[in-house]
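An overview of the molecular structure
Listed below, chain by chain, are the residues.
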Amino acid sequence: MKRKPLILAMTGAISAGLLHGPTLAAKAADQAQPPLGLPPVPIPADNPQTAAKIALGDKLFHDTRFSADGKVACSTCHAREKAFTDNLTTSKGFRGLTGTRNAPTVINAAYMQSQFWDGREPDLEGQAKQPPINPVEGGLPNHEPILAVIRQDPDYRKSFKEVFDLKPEQITEDHVAKAIASFERTVIAGDSPFDRYQYGGNPKALNASQKRGLELFRLKARCASCHTVEHTQSLFTDNRFHNIGIGFKAIAGREPAIAEKFLRMKHASNGSDAVAEMIDKAVLSDKEISELGRFVITEDFSDIGAFKTPTLRNVALTFPYMHDGSLKTLSEVVDFYNNGGRVNPDDPLTPFLSGGIKPLDLSDEEKADLVAFLESLTSPQYQALARKTSRKTAKAAVDNSNTGGHKATAGGKNP
Ligand code: HEC
Ligand code: HEC
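Okay, so let's go over this structure. (Residues numbered from 1 in each chain as written. Chains lettered and ligands numbered in written order. Predicted model: local features only at pLDDT ≥ 70, side-chain atom pairs only at ≥ 80, totals over all residues.)

What to know about the overall build of the protein chain
Helix and strand counts for the protein chain come out as 18 helices and 2 strands. Across the 415 residues in the protein chain, those meeting the buried criterion constitute 47%. Sequence separation of at least 24 residues holds for 70% of the intrachain contacts in the protein chain that already meet a minimum separation of 6. (Helix = DSSP H or I, 4+ residues; strand = E, 2+ residues; numbered from the N terminus. Buried ≥ 20, exposed ≤ 12 C-beta atoms within 10 Å, placed from the backbone. Contact = placed C-beta atoms within 7 Å.)

Concerning the environment of Glu121
Looking at where Glu121 falls in the secondary structure, it is placed in the loop between helix 4 (74-77) and helix 5 (124-128). Judged by C-beta crowding, with 20 C-beta atoms within 10 Å, Glu121 ranks as buried. Here the alpha-carbon distance between Glu121 and Ala276, two residues 155 residues apart in the chain, equals 8.0 Å. Setting aside anything within four residues of it in sequence, one finds Glu121 in contact with Ser114, Gln115, Phe116, Gly126, Gln127 and Gln130.

Points about the site of ligand 1
Ligand 1 sits among 29 residues. The nearest are Cys74, Cys77, Phe116, Trp117 and Pro131. Taken together, the residues of the shell around ligand 1 sort by class into 18 nonpolar, 8 polar and 3 charged. (Near = placed C-beta within 6 Å. Nonpolar A, V, L, I, M, F, W, Y, C, P; charged D, E, K, R; others polar.)

Digging into helix 10 (residues 208-218)
Regarding helix 10, the residues found buried are Gln210, Gly213, Leu214, Leu216 and Phe217. In an axial view of helix 10, the angular spread of the buried residues amounts to 165°, which keeps them on one side of the axis. Of the surrounding elements, those touching the buried residues of helix 10 are helix 16 (364-374). (Arc of directions from axis to C-beta.)

Quick word on the environment of Phe94
Note on placement: Phe94 falls in the loop between helix 4 and helix 5. Separated by 40 residues in sequence, Phe94 and Asn134 have C-alpha atoms that sit 9.8 Å apart. What Phe94 contacts, discounting residues up to four positions off in sequence, is Ser67, Ala68, Asp69, Lys71, Val72, Gly138 and Gly139.

As for the site of ligand 2
Taken together, 25 residues surround ligand 2, and among them Cys223, Cys226, Ile246, His323 and Gly356 come closest. Tallied by class, residues from the shell around ligand 2 come to 16 nonpolar, 8 polar and 1 charged.

Some remarks on the packing of helix 10 against helix 16
Two elements in contact, helix 10 and helix 16, have axes whose closest approach is 7 Å; the angle formed by their N-to-C orientations is 95°. In terms of axis orientation, helix 10 runs roughly perpendicular to helix 16. In this structure, helix 10 contributes Ser209, Gln210, Arg212, Gly213, Leu214, Leu216 and Phe217 to the contact, and helix 16 contributes Glu366, Ala368, Asp369, Leu370, Ala372 and Phe373. Across the contact of helix 10 with helix 16, the residue classes break down as 7 nonpolar, 3 polar and 3 charged. (Axes fitted to C-alpha atoms, helices over the stretch in contact; angles between N-to-C directions. Parallel < 35°, antiparallel > 145°, perpendicular 65-115°, else oblique.)

Details of unusual backbone geometry
Following Phe319, the chain continues into Pro320 via a peptide bond in cis, with omega recorded as -10°. Here Pro320 is to be found in the loop between strand 2 (307-308) and helix 15 (330-338). With a phi close to 85°, Phe116 is a non-glycine residue in the positive phi region. Within the fold, Phe116 resides in the loop between helix 4 and helix 5. Judged by the 22 C-beta atoms lying within 10 Å of it, Phe116 falls in the buried class. You will see that Met322, though not glycine, has its phi angle at about 80°, which is positive. Examined against the element boundaries, Met322 turns out to sit in the loop between strand 2 and helix 15.

And the structure:
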């Protein structure tokens, strides 16, 4: 593999920025110096960042040809102009087929210690191989059609030669995944008003309500026990799995039978790739199996309904919320936690509920302060989007996009 010295890679990325607009240049800067409030991006030793690889991954991420109907790219469900989500309750794949889960943002996914709501893939490289061959996403039978497109496309042939020094017939899905992962490691965003207040020494970066919200987040409401805030940086995730009460009604009382059905399917698959593909298909197409959460990996009953703590950076823009997209607004989320892990205070509680979830007894003002704090986590590159998407319009936007179908994003650049 070609390995460029870091400084050359950066210069390359910056000059590429002239061609691709400001985003790539900004991304290259992020790599050298992480934005305020974030640690350096972890880069795996066997997939170093180069400017050419990042540009190739960007192109692959936006290529709709890697799907059964030629209309679905990664960017269909992770669109830059929607803060790298689709703002749908659950995502739509090829021919408009709907999956069981809400698309998390790709922004800062590079910091996650595992990928997907149940953490079933260890890294971005492993994650990137699944969507094209999932029957409710890309809909392809295997990776061969993708490799066929790439091997015949003169631009891709040139890029894979430059980036990996490969002849067309040597290109595999692993190379494709590596390039996509490299691109995703540049989709990084910090430097929000919260960061400028907390780490940048600017006491005016948050208003009074947001400051009260931060205190509630850390202390009375105990949000930071899972969405971690640290001394020098904050990822807003502990990278662990918790059952906070979302979605359990779908399988209440039938957990053992559904778990058993799933385990029979899992143990009938042979080889780690086959098991990984089987799990990816089952959780995204079977609503009940989806609700098993982390259990599908650990096979531990206490993990039923446990999902990965998501980051909260840019959360004002990544609605709707939770693994099933069931909560539409941040106010609904705060009410849910205030009720101790349920939409209504008198709903039944799941027996698998995390010990960290208890009724919070917040006043209306405190709830509004918490929401105001969550809205202070938007990074500068998504501020313009935030202004368009006020809290009031968020719900309407969800409803519209759910009926309006999906658009493939041409190039995925800012409008
Ligand atoms: C049809 C919509 C759709 C397409 C296409 C799609 N995704 Fe996703 N993506 C999702 C959904 C839904 C999830 C959550 C699934 C789960 O957790 O089980 C997800 C999860 C992810 C995650 C995990 C983030 C986290 O915090 O755990 C990453 C990274 C990601 N997708 C990147 C990609 C890449 C790269 C591609 C293209 C190769 C892609 N996605 C294609 C809908 C989609
Ligand atoms: C016990 C750990 C824990 C605590 C405490 C906790 N969370 Fe969460 N949070 C999670 C997990 C896990 C999820 C995903 C759950 C799911 O989808 O089933 C989540 C999801 C969210 C989401 C949705 C994000 C998205 O992208 O969909 C928001 C917003 C959120 N939490 C805010 C808060 C706030 C505000 C508090 C304090 C009132 C809080 N959380 C307390 C673990 C926790």
